[in-house]
Protein chains: 2
Amino acid sequence: MVDTVRSTFLNLPEAKQEKILDAALAEFADKSYEQASVNVMVSACGIAKGSLYQYFKDKKGIFLYVFDLAVSRVRRTLVKVKEETAGEEFFTRLEKSLLAGVDFIRRHPRIYNLYLKILFDQRVPERERLLTAVRRFAADYLGSLVRQGVARGEIRADLPEHTVIFLLDALFDRFLQATCVPAFDVTLNLEKADEREIRERIGELVGILRSGLAA
Amino acid sequence: MVDTVRSTFLNLPEAKQEKILDAALAEFADKSYEQASVNVMVSACGIAKGSLYQYFKDKKGIFLYVFDLAVSRVRRTLVKVKEETAGEEFFTRLEKSLLAGVDFIRRHPRIYNLYLKILFDQRVPERERLLTAVRRFAADYLGSLVRQGVARGEIRADLPEHTVIFLLDALFDRFLQATCVPAFDVTLNLEKADEREIRERIGELVGILRSGLAA
DNA sequence: CTATGGTATGACCAGATGGTCATAAGGATT
DNA sequence: AATCCTTATGACCATCTGGTCATACCATAG
């Protein structure tokens, strides 16, 4: 995994490292993997192309390194939310997790865009592995919430856990997508919503999950 | 909309038209829009590149024409399901609609792949318009089911309709994605599921929607 | 002052792209 | 047979791509 980056890069002053990673993230977040241009990256961060190929083995190496960094940031953020809400009720934790997701995306839109690229660009290197890792993390996160909810008697114990997690995962993912891809969301207008409205919509959704649709 | 295709193309014998559209669909479904190659299309269907540019204004024109055809096929299929289940109960209609979706994708995987491309390739021409159209259709479809369900007293009338539709739309879309993108679905294994299993999972999901999660 | 070794450079390569256009082929009407 | 119009062709163009490599730079060590 780390054999894609050369020690030359790690020896660089941190500011320069960051400038390069920033340019790479911007480019990969903007275009599809194959369309992302190494030429654009180097001219954006003001180094020679040859230099970049002294830092990384190839384009794929740059990509994997950037992706790894992005994922670890997401991980850290969500794990923190889980710990901070450990004592609260299941449905409250759902709401707070979703809110934290929205907040993360608004602060790191390019990282989320990178994730969307992995989701649907079939030609991303090692896509299967990267994608599975991310989704598995989400499923584990939700699974741990669900199991604790069941143990505390806050949610029904008679439901197949996998299906519950699937439903929650689907809803979370789409909600987050809707906050930044307006065309996804022809009903709730989440992209233009302020935080109060976001909270309201989250409350409504979790309310439906809680009590069901049947009359 | 139709000013992208030239009359020359429409005058062609139907078999030749189909061969060309088939090659174009295959290529657009396989790669991202910008990565899809006109050269590949023409050699796949055995015509000269110049000919293709006599049938369509440019690459974008080919794409929009193919997309329009695909969308109208989806529309026809789903409208038929809606009509055929008009008399049945809300939750049954949900189940049958989902099942019809799975069936359509298995019979027309390339069309569904094309849709996924629109979803996440930010550089697809007129993406906003195409995407909004598709999502609006889904929302209208589900909305009509919901309103009839409310009118018949099958589902609660006290819920905000938009939010209900949003939830259903999210769940439907992800379920369909899971049936053909294994990495999406680390919990249910839908890709390998036979029809009996698919029916079971659909039943469980709709069951949760019906009665909620709370203990 | 020189030698060493890591670092930086950008001209260059082969290959691909979308799109063009002069030319040719077909078929119908005169 | 001659004219005319539509359709078919593929060599060609400018432009971009990821990747290479001989060369230059520069700090330290002898």
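As a starting point, this report considers the structure included with it. Source: prediction; values computed, not measured.

## Remarks on the protein's contact with DNA strand D
Turning to step 1, where the next piece is worked out: In the vicinity of DNA strand D, 17 residues are found, and the nearest of them are Ala-36, Lys-49 and Tyr-53 of chain A together with Gly-50 and Tyr-55 of chain B.
Turning to step 2, where the next piece is worked out: Atoms of DNA strand D within 4 Å of the protein: sugar and phosphate make up 57%, bases the balance.
Turning to step 3, where the next piece is worked out: The separation between a phosphate oxygen of DNA strand D and a polar side-chain atom of Lys-59 of chain A is 3.0 Å.
Turning to step 4, where the next piece is worked out: Within the contact set of DNA strand D, a phosphate oxygen lies 3.0 Å away from a side-chain nitrogen or oxygen of Thr-8 of chain B.
Turning to step 5, where the next piece is worked out: Elements with a contribution of two residues or more to the surface near DNA strand D: α3 (38-45) and α4 (49-55) of chain A together with α1 (7-11) and α4 (49-55) of chain B.
Turning to step 6, where the next piece is worked out: Looking at the surface near DNA strand D, the element that brings in the most residues is α4 of chain B, giving four residues.
Turning to step 7, where the next piece is worked out: Classifying every residue of the surface near DNA strand D gives five nonpolar, eight polar and four charged.

## Some remarks on the interface of chain A and chain B
Turning to step 1, where the next piece is worked out: On the chain B side, the residues contacting the 62 residues of chain A number 62 residues.
Turning to step 2, where the next piece is worked out: At the boundary of chain A with chain B, total buried surface from both sides reaches about 5,500 Å², with 67% on carbon and sulfur atoms.
Turning to step 3, where the next piece is worked out: Summed over the three residues of chain A that lose the most area to chain B, namely Phe-120, Phe-166 and Leu-213 of chain A, the buried surface amounts to 16% of that side.
Turning to step 4, where the next piece is worked out: At the surface where chain A touches chain B, the tally comes to six salt bridges.
Turning to step 5, where the next piece is worked out: Between Arg-174 of chain B and Asp-169 of chain A there is a salt bridge whose closest N-O contact spans 3.0 Å.
Turning to step 6, where the next piece is worked out: For the pair chain A and chain B, the interface holds 25 residue pairs in polar contact (both at pLDDT 80 or more).
Turning to step 7, where the next piece is worked out: Those elements giving two or more residues to the side of chain A that touches chain B turn out to be α2 (14-30), α7 (109-120), α8 (127-151), α9 (161-180) and α10 (195-211) of chain A.
Turning to step 8, where the next piece is worked out: Per-element accounting of the side of chain A that touches chain B gives the leading share, 15 residues, to α9 of chain A.
Turning to step 9, where the next piece is worked out: Its residues placed into classes, the side of chain A that touches chain B shows 32 nonpolar, 12 polar and 18 charged.

## So, the relation of the copies chain A and chain B
Turning to step 1, where the next piece is worked out: Of the two same-sequence chains, chain A is brought onto chain B (RMSD 0.1 Å, axial shift 0.0 Å) by a rotation of 180°. These values place the two chain copies in the arrangement generated by a two-fold rotation axis. Across chain A, the smallest distance between a C-alpha and the rotation axis is recorded for Gly-212 of chain A, namely 1.7 Å.

## A short note on the pattern of salt bridges
Turning to step 1, where the next piece is worked out: Applying the stated criterion across every chain yields a total of 41 salt bridges over all chains.
Turning to step 2, where the next piece is worked out: For Arg-152 of chain A, the salt bridge identified is with Glu-154 of chain A, shortest N-O distance 3.8 Å.
Turning to step 3, where the next piece is worked out: With relative accessibility at 37%, the residue Arg-152 of chain A sits in the partly exposed group.
Turning to step 4, where the next piece is worked out: Residues joined by salt bridges that share partners form a network here, namely Arg-135, Asp-169 and Asp-173 of chain A together with Arg-174 of chain B.

Cut-off values and rules
- Within any chain, residue numbers begin from 1 and follow the written order of that chain's sequence.
- To read the labels, note that chains go from A and ligands from 1, taken in the order they are written.
- For a predicted model such as this one, the threshold for reporting local features is a pLDDT of at least 70, and the threshold for listing and counting side-chain atom pairs is 80 or more; totals across whole chains, interfaces and linings nevertheless cover every residue.
- Calculated side-chain values reflect all of the structure's heavy atoms, with hydrogen atoms and water omitted.
- Any residue with a heavy atom lying within 4 Å of a molecule or strand is counted as near it.
- Residues adjacent in sequence count toward polar contacts only when both atoms are side-chain atoms; beyond that, a polar contact is any pair of N or O atoms within 3.5 Å, and within protein one must be able to donate a hydrogen and the other to accept it.
- Secondary structure elements are taken from DSSP: a helix is a run of H or I of four residues or more, a strand is a run of E of two residues or more, and numbering for both begins at the N terminus.
- Asp, Glu, Lys and Arg are counted as charged, while Ala, Val, Leu, Ile, Met, Phe, Trp, Tyr, Cys and Pro are counted as nonpolar; the rest, among them Gly, fall into the polar class.
- Contacts were defined at the residue level, with two residues in contact if any of their heavy atoms lie within 4.5 Å.
- Two parts placed together each lose some accessible area under a 1.4 Å probe, and the buried area is that loss summed for both.
- Salt bridges are identified by distance alone: a Lys or Arg side-chain nitrogen within 4 Å of an Asp or Glu carboxyl oxygen.
- When the copies are overlaid, the least-squares fit takes in C-alpha atoms only where the residue has pLDDT of at least 70 in both copies.
- Only protein chains enter the area calculation, which uses a 1.4 Å probe; residues under 20% of their type maximum are buried, those over 50% are exposed, and those in between are partly exposed.

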